Amino acid sequence: MEGFLVFSAFYMQLFQIPIKISAIRVIVTVVPISLFLLTTAAEKRLFINRLIKIYSLILLVSLIGFTLKTVGVELPYSILNNPNPFYSAYKNYYFFTVYQDLDLFTRFTGIFAEPGHVGMISAILLYVNGFSLKRASNVIMTIALIWSFSLAGFLIYAIGLTIYLILKSNYPIRALMKVMLGFGCIVGVAMATYSPSNDDIVTQLILKRLEFDSSKGLAGNNRNTGNFDNIYSNFMQNHKVVIGMGSEEYGRKFYGTANSSYKTFIMEYGWGATVMLLLFMLLCLIVYPSRIGFGLFCLIVISFIQRPYFLWFIECFAYIVAISEFYIGRQTNNQSISENQAVIYSS
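Residues numbered from 1 in each chain as written. Predicted model: local features only at pLDDT ≥ 70, side-chain atom pairs only at ≥ 80, totals over all residues. Heavy atoms only, no water.

Caption draft 1: Quick peek at the packing of helix 4 (residues 115–128) against helix 5 (residues 136–148). Between helix 4 and helix 5, whose axes approach to 8 Å, the crossing angle comes to 145°. At the point where helix 4 passes helix 5, the crossing takes the left-handed sense. Across the interface between the two elements, Pro115, Val118, Gly119, Ser122, Leu125 and Leu126 from helix 4 touch Asn138, Met141, Thr142, Ala144, Leu145 and Ser148 from helix 5. Of the residues assigned to the contact of helix 4 with helix 5, the class counts are seven nonpolar, five polar and no charged. (Axes fitted to C-alpha atoms, helices over the stretch in contact; angles between N-to-C directions. Helix = DSSP H or I, 4+ residues; strand = E, 2+ residues; numbered from the N terminus. Left-handed = near helix turned anticlockwise from the far one by under 90°. Contact = heavy atoms within 4.5 Å. Nonpolar A, V, L, I, M, F, W, Y, C, P; charged D, E, K, R; others polar.)

Right, here's the structure in full:
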């Protein structure tokens, strides 16, 4: 069962097979999630351990090959075309792919569709796994995240780390001050070396995207096209806003376009499904309440605004397991405190 679930978790990300029929899409999404909810706590724990180990191992193999390619080692490759017309051809190096080859400035994609997916998945799994760099898997995921140069990945990581340290600490104000000082130093160094004329990857992909744009706020706010926003505004006045236009119609209009945000989910599935998804996440938290779990809920919602991929099994399954594990961990800590207090009182 765990092997099947781990395979399912990677399925959507690795193969990117479009499913345009709503009924089939519901079946292949809801059924595995329902089965996963029926697994025991031990099975869920085994699943998340295997998931993180396999994911970090995949990243490690890709990172080794990507490093060799970056330093100039000639590696064999073939041209790979993604079925989604939004993506141009990849260079397939078999252990990793290259989406846009910029020599030393090439972003790390691994075997996934784009660097942003590596950044998003790594940032969320790092929260689930506790961020500690004493764990080899966390070191690997952190390196992959940094090398992806994903602005969204960096933001999710920074927000997640801040939430985690504050909620984990017995002195949240002190923890917040330390986090702000650390990020302040990083931002200060980045801004001190920033120049709009620089053509390095940090400037082009991170700092320039943080510049203010009068029409859309941050320059990096490019999740939806102007045409999509116009159609979305009209759609919000349509009676279909509750149930959505469905996968078939959405695919005909927007498949292969540069659109990915909470708006795409609402347009495809409607406000009804969006609210139900939010309720599902909240119910998991209500059944297994914890401060760290609440922080993960907030992080997933923030990630969803930019990339509505919660129904990707690698994200959804990880959330379900982490929420319960954070609760069990809290109960264990409370029990240990109670036992220690009992010992003190008895003596």
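Caption draft 2: A look at unusual backbone geometry. You will see that Tyr94, though not glycine, has its phi angle at about 75°, which is positive. By the element assignment, Tyr94 lies in the loop between strand 2 (90–92) and strand 3 (97–98). Phi is positive for Phe149, which is not a glycine, with a value near 50°. Mapped onto the fold, Phe149 is located in the loop between helix 5 and helix 6 (151–168).

Caption draft 3: Highlighting helix 10 (residues 246–254). Among all positions of helix 10, only Gly246, Ser247, Glu249, Tyr250, Gly251 and Phe254 are buried. Immediately downstream of helix 10, the backbone of Gly256 shows phi near 85°, a positive value. (Buried < 20%, exposed > 50% of the residue type's maximum accessible area, 1.4 Å probe, protein only.)

Caption draft 4: Structural detail: helix 4. Taking 1.5 Å as the rise per residue, helix 4 with 14 residues should run 20 Å; its terminal C-alpha atoms sit 20 Å apart, in good agreement. With respect to burial, helix 4 is a largely interior element, 14 of its 14 residues being buried. Within two residues after helix 4, Gly130 carries a phi angle of roughly 90°, on the positive side. (Expected span 1.5 Å × (residues − 1).)

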